[in-house]
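So you can see what is in the structure, the chains are spelled out below.
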Amino acid sequence: MELQIRLLGTVELCVDGETVTPGAAKRRAVLAGLAIEANHSVSLPRLARMVWSDHPPTSATANLRTHAAGLRRTVGDRLVARPQAYELRLAPHELDVTEFQRLAAQGRSLLASADPAGAIETLSSALAWWRGPSGDGLPRGTALDNRWAALDEQRLQVFEELAEARLAAGEHAHLLPDLRAHLATHPLRERAWGHLMLALYRCGDVPAALTVYRDARAVLDEQLGLEPGAELARLHRSMLDRAPELSYVEPGSAIVTASVPVADLRPAVGWAVPRELPADPLTYVARTGETADVVAALTAETPAAVVVTGAPGSGKTTLAVRAGHAVSALFPDGQVFVDLGYRTSVTAGEVLARVLRALGVPAADVPEKTDERAGWFRSLVAGRRLLLVVDGVTRAAQVRPLLPAGPGPALITVAQRHLGSLDGVRRVALRPVGGAQARNLLATLAGPERLAAEPAATADLLRICGGSLLALRIAGARLGRRSGAPVSTLVAELGDGRARLDLLAYEDLSVRASLATGVAVVRSDDELAGRMLELLAARPGTPVHTAADQLGVSPQRVHRALDDLVDAHLAQRDRHGAYRLPTLVSDYAAELAAVGHVSVREAAEQRFDPRAA
């Protein structure tokens with residue numbers, strides 16, 4: 001059965017090419033909620049908040065089950081019933097949201113690689129998926145409203161990125177009607193005002209371009225009581241100066257490709273233009289939606305800051321690098337990449353010194369005091385389109401001084417924890433990779449025909465990897481090396497928990513090493529959290545009060561340790577309130593106890609000294 005679900009406009013459902021009426025508005029809301037969370041379980045209480053605009057009625061659960069039964073008659077076993085939850089299984093191409101975000105990310109990459117023609121084609125294809133406002137016709141005031149608003153914002157951003165690509169391709173004259181129509185509907189989009197000014201300027205109509213600036217200033221003052229931002233003001237000043245870099249130059253010539261000059265084009269004293277991003281990953285068949293979320297955060301209003309968080313091996317760094325490359329053209333003043341290696345000892349002052357040196361400040365001139373380093377950093381990057389990517393962060397304090405203080409710079413922070421004390425940042429949490437994306441990654445590395453030949457063994461291998469991108473990459477690499485071996489052979493080897501982590505290592509990739517780093521960070525802050533790992537490995541679902549009795553601490557103290565484990569994505573809490581470890585984490589926790597010459601059961605029964613906490 002082939003499905004096509006469309007949410008970018010009126011909600012539509014197609015089955016094997018035929019359009020099917022999903023039902024009344026609330027049933028369409030159920031379909032939309034499950035589709036936007038495709039391949040993930042959605043609990044009944046959460047689904048109810050997606051359907052009803054106020055407090056769900058007492059009959060909500062019964063009504064949801066009725067709607068689910070009605071949908072199942074149409075989509076069959078694609079709709080899976082879970083305990084107190086439902087899951088809709090979709091391939092990436094079966095949801096228009098996923099296709100739009102995939103094409104948008106690809107278009108940004110083409111724009112970043114100075115291929116405006118390719119970017120125009122791809123971004124236009126992305127926008128072609130839209131038929132109206134997202135979720136049109138569904139009940140409003142529900143938990144889905146934020147999702148629709150985010151998608152509508154992404155649509156506006158893609159239109160403006162398309163405008164930038166068209167400007168880079170010399171289509172300034174043909175672009176004018178589209179920009180005017182866009183601004184008539186969205187008059188507060190400063191980026192689009194800048195595009196219209198630049199298009200008029202390149203058409204030779206400088207007075208009209210300057211008039212557009214006055215129009216933008218009047219609209220912003222009337223509706224927001226604000227003056228135009230620094231980017232638009234600098235563009236206006238550059239036009240008054242007839243700055244040569246604003247003129248269109250045919251591709252192949254040395255030009256400044258930024259659509260709006262966001263900083264003085266003359267380099268500041270001590271300023272270098274770093275290009276430190278690692279290579280853009282070639283094998284990238286998952287996390288397209290999360291990548292789009294990161295890109296959206298980086299192109300939003302200030303502060304343009306996002307925290308990418310997830311379990312060890314979830315692909316956080318890969319995603320951050322891919323997103324950084326996708327937006328690199330928007331940050332012509334440079335990209336700085338700092339890897340803290342999840343070292344808790346690294347201070348904010350050391351991070352600031354590293355960034356200042358990357359920006360061209362001589363090491364001898366870096367101030368001694370952290371606050372002076374922070375002040376110099378803020379002065380140096382003010383108004384500049386600089387992208388910072390800081391990987392391996394363990395504490396919010398390590399990156400707090402790097403948070404953008406105004407328009408211009410942007411920050412991606414990669415951390416295992418959520419870093420909840422950072423204000424005003426967007427958070428993108430990476431869940432375990434769903435079955436369809438995990439299978440696609442394995443197929444890319446090992447060959448789809450091998451997986452198709454052994455569907456049961458492939459399902460077992462996906463279960464063993466537990467949604468870990470790192471484990472999937474290693475398993476795929478091992479299958480690729482053994483071109484003649486069946487998938488079931490590797491599954492049989494991995495089925496032995498004692499050898500599983502030995503096999504999930506390939507060259508410089510290692511699930512054990514990744515887990516060791518993640519666990520060490522948590523244990524360095526709270527040794528009790530490490531003891532709880534060992535206890536849960538021995539006795540999954542151990543009640544909090546039982547753990548408290550065994551370790552000689554209060555239940556509140558155990559709760560705090562468990563919260564640390566959940567925040568670090570090393571433990572999960574099920575719907576009954578019990579805490580459990582993912583399979584690979586449990587394997588590693590058992591090794592910890594064995595290395596310490598203590599059985600896991602003995603470790604669980606040892607008393608914990610609360611003074612050590």
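Here the structure is shown first, and the text comes after it.
How each quantity is defined
- Residues numbered from 1 in each chain as written.
- Predicted model: local features only at pLDDT ≥ 70, side-chain atom pairs only at ≥ 80, totals over all residues.
- Heavy atoms only, no water.
- Buried < 20%, exposed > 50% of the residue type's maximum accessible area, 1.4 Å probe, protein only.
- Helix = DSSP H or I, 4+ residues; strand = E, 2+ residues; numbered from the N terminus.
- Pairing = 2+ DSSP bridges.
- 1 Å grid on protein atoms, 1.4 Å probe; cavity = no way out; pocket = protein on both sides within 12 Å on 5 of 7 lines; lining within 4 Å.
- Points joined across faces, edges and corners; volume = space filled by probe spheres on them.
- Nonpolar A, V, L, I, M, F, W, Y, C, P; charged D, E, K, R; others polar.
- Axes fitted to C-alpha atoms, helices over the stretch in contact; angles between N-to-C directions.
- Contact = heavy atoms within 4.5 Å.
- Salt bridge = Lys/Arg side-chain N within 4 Å of Asp/Glu carboxyl O.
- Expected span 1.5 Å × (residues − 1).
- Polar contact = N/O pair within 3.5 Å; in protein donor to acceptor, adjacent residues only side chain to side chain.

Draft legend 1. Region of the structure containing the pairing of strand E7 (residues 305-310). For E7, the buried fraction is high: six of the six residues fall into the buried class. In E7, alternate side chains face the same way, and those of Ala 305, Val 307 and Thr 309 on one face and Val 306, Val 308 and Gly 310 on the other are all buried. Direction of pairing for E7 relative to strand E10 (residues 410-415): parallel, over a ladder of five bridges. Within E10, the position partnered with Val 308 by the bridge is Val 414. Relative to strand E11 (residues 426-430), E7 is paired through five bridges, and the arrangement is parallel. Looking at E11, one finds that Val 306 is bridged to Arg 426.

Draft legend 2. The arrangement of empty space enclosed by the protein in detail. If you walk through the whole model with that rule in mind, you get two cavities of 30 Å³ or more. Taken as a whole, the second largest cavity holds about 40 Å³ of empty space. In terms of lining, the second largest cavity is formed by Arg 108, Leu 111, Ala 112, Glu 161, Ala 326, Ala 329 and Leu 330. By residue number, the principal contributor to the lining of the second largest cavity is helix H4 (residues 96-112), which donates three residues. Its residues assigned to classes, the lining of the second largest cavity comprises five nonpolar, no polar and two charged.

Draft legend 3. Focus on the sheet that holds E7. With respect to topology, five strands assemble into an open sheet ordered E8-E9-E10-E7-E11, the strand pairing being parallel. In the strand order of this sheet, the two ends are held by strand E8 (335-339) and E11, each with one partner. Ignoring which end each strand starts from, the neighbouring axes of this sheet average 15° apart. With respect to the sheet, helix H11 (residues 288-298) is in contact with E7, strand E9 (387-393), E10 and E11, its orientation differing from that of E11 by roughly 165°. Along the sheet, helix H13 (residues 348-358) makes contact with E8 and E9, crossing E8 at roughly 145°.

Draft legend 4. View of the pairing of E9. Burial analysis of E9 places seven of its seven residues in the buried class, which makes it a mostly covered element. Alignment of E8 against E9, held across five bridges, turns out to be parallel. Each bridged residue has a counterpart across the sheet, and for Phe 337 the counterpart in E9 is Val 389.

Draft legend 5. Representation of the pattern of salt bridges in the model. Under the counting rule described, the total for this entry stands at 29 salt bridges. Between Arg 189 and Glu 160 there is a salt bridge, and its shortest N-O distance comes to 2.8 Å. On the criterion of sequence distance, the pair formed by Arg 189 in the loop between helix H7 (172-185) and helix H8 (190-202) and Glu 160 in helix H6 (residues 145-168) is long-range, its members being 29 residues apart. Across this residue pair, the class does not change: Arg 189 and Glu 160 are buried.

Draft legend 6. The arrangement of unusual backbone geometry in detail. Although it is not a glycine, Gln 84 sits at a positive phi angle of roughly 55°. Inspection of the secondary structure assignment puts Gln 84 in the loop between strand E5 (79-82) and strand E6 (85-88).

Draft legend 7. How the structure looks around helix H22 (residues 527-538). With 12 residues, H22 ought to run about 16 Å at 1.5 Å a step, and its terminal C-alpha atoms sit 17 Å apart, in line with that. For H22, the tally of buried residues reaches 10 of 12 residues, placing the bulk of the element in the interior. For H22, the set of buried residues is Leu 528, Ala 529, Gly 530, Arg 531, Met 532, Leu 533, Glu 534, Leu 535, Leu 536 and Ala 537. Residue Asp 526 occupies the N-cap position of H22, its side-chain oxygen lying 3.0 Å from the main-chain nitrogen of Leu 528.

Draft legend 8. Up close: the sheet that holds E6. Ordered in space as E4-E6-E5, the three strands form an open sheet in which the pairing is antiparallel. The sheet is open, and its two edges are formed by strand E4 (42-43) and E5, each paired on a single side. Pairing of E4 with E6, which is carried by two bridges, proceeds in the antiparallel orientation. Opposite Val 42, over in E6, you have Tyr 86 as the bridge partner. Running over the sheet, helix H1 (residues 25-36) touches E4, E5 and E6 and is turned about 70° from E6.

Don't take any of this as a statement about function, it's just geometry.
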